[in-house]
Amino acid sequence: MTDFLPLKRIDYIEFYCGNAKQSAMYYQHGFGFKLTGYSGLETKNSASASYLLEQGKIRFVLTSSYSDNTFISEHVKKHGDGVFDIAFEVDDAAKSFEETVKRGAVPFLEPVKIEDENGYVVKSAIRTFGDTIHTFIERKNYKGLFLPGFIDASNRAPAGIKDTGLRSVDHMVGNVELGKMMHWVKFYADTMGFNQLLSFDDKDISTEYTALMSKVMQNSTGKIKMPINEPAPGKKKSQIEEYLDFYKSPGIQHIALTTPDILTTVAELKNRGIEFLTVPKTYYEDLISRVGKIDEDVKELEGTGILVDRDDDGYLLQIFSKPVEDRPTLFFEIIQRKGARSFGKGNFKALFESIEREQELRGTL
Ligand code: FE2
């Protein structure tokens, strides 16, 4: 079957923020992103300020509104800072819109041509869970830096910030309400042509207190992976429910970023103040008997708090940040894959117990 929605790559991820200028500093100093582009009053954009940040193949756009009662400011008022748009590069943005809307997608932006002296892009967008959207970007006729309206901002980047080795987006996870996972799994399958890679139920992902269910959807090339979580009934409030309570709707829970050297990357991120979840020492005591032989030194992994899991194809190393907002909503995963194509199922229990300890401190368990 031919793919009716060939997605070339994740073009960018856009965050709506209360103060994009300051958030941009956090991602530069903390995560090692480089400021490369800017749009705002100085570029005749009187509606919003946007900062384009890049590292490896990853592109983040941080956007704030200049005014109240705007779409952006209402989004921030309701959700706090968070992911608004996961944009995909496509060959034909009009066709992408037509094919998905024909299959039930709710339109957000009809195809529109935007141009400047560097050529033009065509943009269109559809809604996904909560107030999140997917934009389709057709940029084959555009030679500029990023998008029309953006200017080179590399001269505004602070001096001396080195990257932290982050290379690409591995996957992006959505949290949806209880009973809604299948609805969104069907959306990604029927409307966007994704297929299901993996499935976890509450027997895989549960602790004494909390549980969740998850299905991993991927596009036809397998390059774009979007797990969808829903809470499962447990004795106490699950991390998914906590997210939904604070984000006030479904939304993006975490973004996993790849590195070719997780020990160096995480040590660097910690030096810069990025906070990570920790697991008890006991996790490392029987690590090798659980995952088999690995290249890394267990003591070093323990020192940094990195988790390991193995599947039929190899193993992976991963670690999870604490939420990057005051609301316990979005967080990041840092992942290094050594063959493994799965998501660290063997770490779910240790990880969720770690999140529960954080919830306990927040009084939200
Ligand atoms: Fe993940």
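Quantities reported herein were computed from a predicted structural model and do not represent experimental measurements.

For the protein chain, the count of helices and strands is 10 helices and 17 strands. Relative to the globule expectation of 21 Å for 365 residues, the C-alpha radius of gyration of the protein chain, 20 Å, shows essentially globular dimensions. For the protein chain, the C-alpha atoms occupy an extent of roughly 60 × 50 × 40 Å along the three principal directions. The buried share of the protein chain, reckoned over its 365 residues, is 55%. When the accessible surface of the protein chain is split by element, carbon and sulfur atoms take 51% of a total near 16000 Å². Counting 47 positive and 54 negative side-chain charges, the protein chain places the averaged centre of each group 1 Å from the other.

Its domain assignment divides the protein chain into domain 1 (9-156) and domain 2 (168-362). Its C-alpha centre places domain 1 at a distance of 25 Å from the equivalent point of domain 2. Contacts between the two partners involve 38 residues from domain 1 and, on the opposite side, 32 residues from domain 2. With both sides pooled, the region where domain 1 packs onto domain 2 buries about 2800 Å², and carbon together with sulfur makes up 73% of that total. Per-residue buried area on domain 1 facing domain 2 is highest for Phe31, His79 and Phe129; these three make up 24% of the total on that side. Run the count over domain 1 and domain 2 and you get zero salt bridges. Those elements that place two or more of their residues in the side of domain 1 that touches domain 2 are strand S1 (9-16), helix H1 (20-30), strand S4 (58-65), helix H2 (71-79), strand S5 (82-89), strand S7 (119-127) and strand S8 (133-138). The residue makeup of the side of domain 1 that touches domain 2, split by class, is 16 nonpolar, 14 polar and eight charged.

Spatially, nine strands are ordered S6-S7-S8-S5-S1-S4-S3-S2-S9 in an open sheet, and the strand pairing comes out mixed. Strands with a single pairing partner mark the edges of an open sheet, and in this sheet they are strand S6 (107-116) and strand S9 (151-152). Pairing of strand S2 (residues 34-39) with strand S3 (residues 48-55) involves five bridges; the strand directions are antiparallel. Note on S3: the bridge partner recorded for Leu35 is Leu53.

Reading guide: rules and limits
Residues numbered from 1 in each chain as written. Predicted model: local features only at pLDDT ≥ 70, side-chain atom pairs only at ≥ 80, totals over all residues. Heavy atoms only, no water. Helix = DSSP H or I, 4+ residues; strand = E, 2+ residues; numbered from the N terminus. Rg over C-alpha atoms; globule rule 2.2 N^0.38 Å. Buried < 20%, exposed > 50% of the residue type's maximum accessible area, 1.4 Å probe, protein only. Areas by Shrake-Rupley, 256 points an atom, 1.4 Å probe, with all protein chains shown as cover. Lys, Arg positive; Asp, Glu negative; His and termini not counted. Charge placed at Lys NZ, Arg CZ, Asp CG, Glu CD. Domains from an automatic or database assignment. Contact = heavy atoms within 4.5 Å. Buried area = accessible area lost by both parts, 1.4 Å probe. Salt bridge = Lys/Arg side-chain N within 4 Å of Asp/Glu carboxyl O. Nonpolar A, V, L, I, M, F, W, Y, C, P; charged D, E, K, R; others polar. Pairing = 2+ DSSP bridges.

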